[in-house]
Amino acid sequence: MAKIIVVTSGKGGVGKTTSSAAISAGLAMRGFKTVVIDFDVGLRNLDMIMGCERRVVFDFINVIQGDAKLKQALIKDRRLENLFILPTSQTRDKDALTRDGVEKILNELREEFDYIICDSPAGIERGAHLAMYYADEAIVVTNPEVSSVRDSDRVLGLLNSKTYLAEKGGDNTVRSHLLLTRYDTQRVARGEMMTVEDVLEILAIPLLGIIPESSTVLRASNVGMPVVLDEKSGAGKAYEDAVSRLMGDQIEMRLDSGERPGFFQRLLGRTA
Amino acid sequence: MFGFMLRPRKANTAQTAKERLQILLAHERSDTSNADFLPLLQRDIMEVIRRHMKIDKDSVDIKLERGDEFSSLEINIELPSSQKTPVQN
Ligand SMILES: Nc1ncnc2c1ncn2[C@@H]1O[C@H](COP(=O)(O)OP(=O)(O)O)[C@@H](O)[C@H]1O
Ligand SMILES: [Mg+2]
């Protein structure tokens, strides 16, 4: 039976969509049949990050409203055999998303897939709420920065109270993991940015990975390729490691960005 | 010389980003006036075909590929093999 994982944060722009794309591609690379769903109704973006924006025919809302079958809306990735994308609507408003509709689609997907990754919109309104509601696990994407950590704490509260598992009140609760992204080791070294330990001390949930601030992320988004497919990049490797940990592997955290300093940086000398 | 060295040696990904956006947005700006274009098209196609033969909603598969010069719409309809004969009116 499929596992439903929500990628959430409260705050916008911290790396949820980047992480949803990378982690779902990472799972598919390991042979798991994976679908990644865009819950950001009205602001479709996952399709661009996955590079399938020209092939969107039907969307999540069309399926909820019965205008299309689920299998008509699923887009098969052209690089990875096991990867599918369910795009959101670019034109409807958030009210088109209903709990019953979401439940029905997730149940249907559960029959066929090993992993269902829900890319949450920012905020704590309807879209974010429904993205997390049926989750078995949560990846809380956080930047080492005060407002992001605060919002993550708020989201952790919601995961523990406003989800199906929480409301059911059994022993099963949503398993939350921290994914620290846009981590800049040089700024941490200079004391400008909170350390991993600082953030962990505050949020007190298991650490799934540390994704370095990396220029490859922008480049990958330019061409519509999940960054995990760039195996040479520091961010790509960090996402790979995060996927391994998600599978339960014990892997040491590595902080090196993996990227050689550019010619000019070497020429001018590193300032750190 | 500096200009040459500053330019990334690999393919320029920013240019790719710009082109992808131009194609996508050109379609979105024209499509959004009728967001239900595809569901309606599908419904109409089904209606027309049903006048001639019995088909199931599941057997219609629509694929779209938006392009720069043109877009292509591919419609696959699976016809039931036991009903090769058209419906007589
Ligand atoms: N590790 C990273 N290094 C550099 N830039 C990043 C990283 N992760 C995300 N970004 C950039 O941050 C911005 C927001 O990312 P996105 O994944 O869209 O966030 P969200 O979905 O949380 O709003 C994008 O421009 C993305 O390229
Ligand atoms: Mg996003």
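What counts and what doesn't
- Residues numbered from 1 in each chain as written.
- Chains lettered and ligands numbered in written order.
- Predicted model: local features only at pLDDT ≥ 70, side-chain atom pairs only at ≥ 80, totals over all residues.
- Heavy atoms only, no water.
- Pairing = 2+ DSSP bridges.
- Helix = DSSP H or I, 4+ residues; strand = E, 2+ residues; numbered from the N terminus.
- Salt bridge = Lys/Arg side-chain N within 4 Å of Asp/Glu carboxyl O.
- Near = heavy atom within 4 Å.
- Polar contact = N/O pair within 3.5 Å; in protein donor to acceptor, adjacent residues only side chain to side chain.
- Areas by Shrake-Rupley, 256 points an atom, 1.4 Å probe, with all protein chains shown as cover.
- Nonpolar A, V, L, I, M, F, W, Y, C, P; charged D, E, K, R; others polar.
- Contact = heavy atoms within 4.5 Å.
- Buried area = accessible area lost by both parts, 1.4 Å probe.
- Phe/Tyr/Trp six-rings, centres within 6.5 Å; stacked < 30°, edge-to-face > 60°.
- Buried < 20%, exposed > 50% of the residue type's maximum accessible area, 1.4 Å probe, protein only.
- Lys NZ or Arg CZ within 6 Å of the ring centre and 35° of its normal.
- 1 Å grid on protein atoms, 1.4 Å probe; cavity = no way out; pocket = protein on both sides within 12 Å on 5 of 7 lines; lining within 4 Å.
- Points joined across faces, edges and corners; volume = space filled by probe spheres on them.
- Axes fitted to C-alpha atoms, helices over the stretch in contact; angles between N-to-C directions.
- Left-handed = near helix turned anticlockwise from the far one by under 90°.
- Expected span 1.5 Å × (residues − 1).
- Arc of directions from axis to C-beta.

J.: Sorry, what's going on with the sheet that holds strand β4 (residues 83-86) of chain A here?
T.: Two pairing modes exist for strands in a sheet, parallel and antiparallel, and in both the strands are linked by backbone hydrogen bonds. Residue and element names in this part refer to chain A. The eight strands are arranged β3-β4-β2-β5-β1-β6-β7-β8 in an open sheet whose pairing can be described as mixed. The open sheet has two free edges, formed respectively by β3 (75-76) and β8 (207-212), since each of these has just one partner strand. Inspection of the sheet shows strand β2 (residues 34-38) paired to strand β5 (residues 115-119) by five bridges, in the parallel sense. Along β5, the bridge assignment pairs Val35 with Ile116.

J.: Sorry if this is basic, but what is going on with the pattern of salt bridges here?
T.: Two side chains of opposite charge can pair, provided their charged atoms sit close to one another. Residues and elements named next belong to chain A. Evaluation of the coordinates by the stated rule reveals 15 salt bridges over all chains. Here Arg254 and Asp241 are joined by a salt bridge, their closest N and O atoms 2.7 Å apart. You can see Arg254 sitting in the loop between α12 (234-246) and α13 (263-268) and its partner Asp241 sitting in helix α12, a full 13 residues away along the chain. Via salt bridges that share partners, Lys3, Glu137 and Arg175 belong to a single interconnected network.

J.: When you look at the site of ligand 1 in this model, what are you seeing that I'm missing?
T.: Residue and element names in this part refer to chain A. Around ligand 1, the surrounding shell holds 13 residues, and the nearest of these are Gly13, Lys16, Thr17, Thr18 and Ser214. Here Gly13 contributes a backbone N or O atom positioned 2.8 Å from an oxygen atom of ligand 1. Against a free-state accessible area of 560 Å², the protein chains account for coverage of 78% of ligand 1. Per-element tally for the shell around ligand 1: the top contributor is helix α1 (residues 16-29), with three residues. Residue composition of the shell around ligand 1, by class: four nonpolar, six polar and three charged.

J.: Sorry, what's going on with the interface of chain B and chain A here?
T.: Reports often express the size of an interface as the amount of accessible area lost when the parts come together. Listed as interface residues are 28 residues of chain B and, on the opposing side, 26 residues of chain A. Surface buried jointly by chain B and chain A totals about 2400 Å² across both partners, of which 51% is contributed by carbon and sulfur atoms. Between the two partners, chain B and chain A, sit two salt bridges. Two residues, Glu65 of chain B and Arg78 of chain A, come together in a salt bridge whose shortest N-O distance is 3.0 Å. At the boundary of chain B and chain A, one finds twelve residue pairs in polar contact (both at pLDDT 80 or more). Taken together, the elements giving at least two residues each to the side of chain B that touches chain A come down to α1 (2-6), α2 (13-31), α3 (37-50) and β1 (60-65) of chain B. At nine residues, the largest contribution of residues to the side of chain B that touches chain A is made by α2 of chain B.

J.: What am I meant to see in the packing of aromatic side chains here?
T.: All names here are of chain A. The full count for this structure, using the stated rule, is six aromatic pairs over all chains. An angle of 80° between the planes, with centres 5.1 Å apart, marks the rings of Phe39 and Phe60 as edge-to-face. A residue pair is termed long-range when its members are at least 10 positions apart, and Phe39 in the loop between β2 and α2 (46-50) and Phe60 in helix α3 (residues 60-64) qualify at 21 residues. The same class applies to Phe39 as to Phe60, namely buried. Ring plane angle 65° and centroid distance 6.4 Å describe the contact between Tyr133 and Tyr164, whose orientation is recorded as edge-to-face. With Tyr133 in helix α6 (residues 126-133) and Tyr164 in helix α8 (residues 164-168), this residue pair connects regions lying 31 residues apart in the sequence. Three or more aromatic residues link up through ring pairs in this structure, and these residues are Tyr133, Tyr134 and Tyr164. Taking NZ or CZ as reference, Lys33 lies 5.0 Å from the ring centre of Phe113, over its face. The aromatic ring of Tyr133 is capped on one face by Arg99, whose charged end is 3.9 Å from the ring centroid.

J.: Is there a simple way to explain empty space enclosed by the protein in this structure?
T.: Gaps between atoms show up when a probe of the same size as a water molecule is rolled over them. Residues and elements named next belong to chain A. This structure, assessed with the given rule, holds two cavities of 30 Å³ or more. In this structure, the second largest cavity encloses a volume near 50 Å³. Residue lining of the second largest cavity: Thr18, Ile49, Val217, Ala220, Ser221, Met225, Pro226 and Val227, and that is the complete set. Examining the composition of the lining of the second largest cavity, we find that three residues originate from one element, helix α11 (residues 215-223), more than from any other. Within the lining of the second largest cavity, the residues separate by chemical class into six nonpolar, two polar and no charged.

J.: What is the right way to look at the packing of helix α7 (residues 146-159) of chain A against helix α10 (residues 196-203) of chain A in this model?
T.: Describing two packed helices takes the angle between their axes plus the distance from one axis to the other. All names here are of chain A. Close contact between α7 and α10 brings their axes to 10 Å; oriented N to C, the two are set at 35°. Every pair of crossing elements has a handedness; the one defined by α7 and α10 is right-handed. Contact residues: α7 offers Val149, Ser152, Asp153 and Leu156, while α10 offers Val199, Ile202 and Leu203. A per-class count over the contact of α7 with α10 returns five nonpolar, one polar and one charged.

J.: Is there a simple way to explain helix α5 (residues 99-112) of chain A in this structure?
T.: All names here are of chain A. Taking 1.5 Å per residue, 14 residues should reach 20 Å; α5 reaches 21 Å between its end C-alpha atoms and fits that length. Buried within α5 we find Gly101, Val102, Ile105, Leu106, Leu109 and Arg110. Considered in projection along α5, the buried side chains sweep an arc of 165° and stay on one side of the axis. Opposite its buried face, α5 presents the exposed residues Asp100, Lys104 and Glu111, each directed more than 90 degrees away.

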